[in-house]
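# Close look at the chain arrangement
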Amino acid sequence: MGMPATATLTSFICLLFANLRFSAALAPGIYGADCATSPSTSSSSSSMSSQPSRTSSVFREFSLTEFKSGDLHTKLRIARELDDAMQHTGFFVLRDHGVSPELINAVYRAADAFFEKPSEYKMQFTNETVTWGLPGYCPPGLESEGRARTVENPEEKTLSPSDLVENFLYSFRPSEDLEAKELLLPPELKSTIRDYALATHKVIEDVQRMASFALSATDPEIISYMHNNITESGHAQTPSNLREDLVRVLNENLLERYFHSEEHYEMEILFRLNHYFDLSNVELEKNQLRIGEHRDFTGFTLLSGEDVKGLEVKVDGEWIAAPSDPHKYVINGGILLREITNNRWRASSHRVAVTSRKRRFSIPVFGDPDHRNIVQPLKGCHACNAEPFKHPRITVQELLDPIFEAVRTENQLVHDSVGTKV
């Protein structure tokens, strides 16, 4: 499916029912799922998701403050560990990120206030048609991540039941007239959602800077320096100094250069308020999940979740439960990040299991580049350019279009066979 040049999609979202005044001013958004028509969740029952076979101890944890304030040796030690985490799981945990607990709690309170409203009220804030990539409210029964052709083994993909979630999406760029966008938001989300978007935009930029440092550190001369001079704790073993030209290499923000193009494109941020509604009186279909197995599309995703586990990551064929702390971010890379690192970094499949029938929330945040950018090895990253490129040199838009088209076709078949059920 071709998309308008102005549309940016780190995800594809379908939003149903009309509200022209809402869709006229909110900018296109991005996400890694399809909001597609599917059967209701009452036809058959299944037990809650089984526990993954491995623990969450495989998730590396990093302090953003330690990286930003650390000396060269501390940054190189963190870079080495971050590169290792992205190679093995594609996920890590970030603490000391600078977003205040008060703001995070305020977003959860705002989400609670909005989602507890009647369906008729929330439906005022949907888009006018079944449209992918536009912010707003997506009601239960419309979304199934498992239908996306983004899993590691697409041939194993099945026609999954609808995901047990409803959500609200918001996209922005800092240069936009955020006050004008505020006028179109539900009253419960005003101000808080804008403040959180601005705060997490800065975190994603900081994560890109830390990740760029790690990719620049794959230069053979820098690797040799680390081997000879830095212990596992990050301390210098010898008084050797790294050459100034290599220090400059390390400080180049490779990902910022890619996500903020030379044509002054400003990275778009979209965040999604997920409401995992109460399941006390819901019969689950076989293999039904809160959010089905998928991989995210473009760059880094920041996930804030309550102190309830549910996110699971597939590593080497096994499901691993991710840690959950409302004041830390679980971060992962998408398909585009995997491709521009020439498969050095992973884009692992993940899902949200039904670990509890109680209602809860999570807030993933996505960063989206200019879709006119070429998918090619990241300039300045030695490891990304050390081998022949493993992917077609196409635009980001061309990378994503087949995914959207496949899902659109498949969802239409479901729609034709069972009709829309909300």
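Our structure's up above, just so we're on the same page.
Below is a short write-up of the structure. (Residues numbered from 1 in each chain as written. Predicted model: local features only at pLDDT ≥ 70, side-chain atom pairs only at ≥ 80, totals over all residues. Heavy atoms only, no water.)

### Some points on the side chain of Arg272
When you line up the elements, Arg272 lands in strand S5 (residues 268–276). Looking at Arg272, the relative accessible area reads 0%, which means it is buried. Only 2.2 Å separates the side chain of Arg272 from the side chain of Asn274, close enough to count as a polar contact. (Helix = DSSP H or I, 4+ residues; strand = E, 2+ residues; numbered from the N terminus. Buried < 20%, exposed > 50% of the residue type's maximum accessible area, 1.4 Å probe, protein only. Polar contact = N/O pair within 3.5 Å; in protein donor to acceptor, adjacent residues only side chain to side chain.)

### Quick word on unusual backbone geometry
Positioned with a positive phi, Asp316 is a non-glycine residue whose angle comes to about 55°. By the secondary structure assignment, Asp316 is in the loop between strand S8 (311–315) and strand S9 (318–321).

### Topic: the pattern of salt bridges
In total, this model carries 25 salt bridges according to the counting rule given. The residue Asp206 makes a salt bridge to Lys202 at a minimum N-O spacing of 3.3 Å. Of this pair, Asp206 and Lys202 both sit in helix H7 (residues 192–216), four residues apart, roughly one helical turn. Owing to a relative accessible area of 8%, Asp206 belongs among the buried residues under this scheme. (Salt bridge = Lys/Arg side-chain N within 4 Å of Asp/Glu carboxyl O.)

### Some thoughts on the sheet that holds strand S12 (residues 360–368)
Here we have eight strands laid out as an open sheet, ordered S1-S2-S10-S7-S12-S5-S4-S3, and mixed in their pairing. Only two strands of the sheet have a single neighbouring strand rather than two, namely strand S1 (61–63) and strand S3 (136–138). Taking each pair of neighbouring strands and ignoring which way they run, the sheet shows an average axis angle of 25°. Here strand S4 (residues 166–172) runs beside S5; their pairing, made up of seven bridges, is antiparallel. Bridge assignment links Glu166 to a residue of S5, and that residue is His275. The strands touched by H7 are strand S2 (91–95), S4, S5, strand S7 (300–305), strand S10 (329–333) and S12; relative to S7, the strand with the most contacts, the crossing angle is about 130°. (Pairing = 2+ DSSP bridges. Axes fitted to C-alpha atoms, helices over the stretch in contact; angles between N-to-C directions. Contact = heavy atoms within 4.5 Å.)

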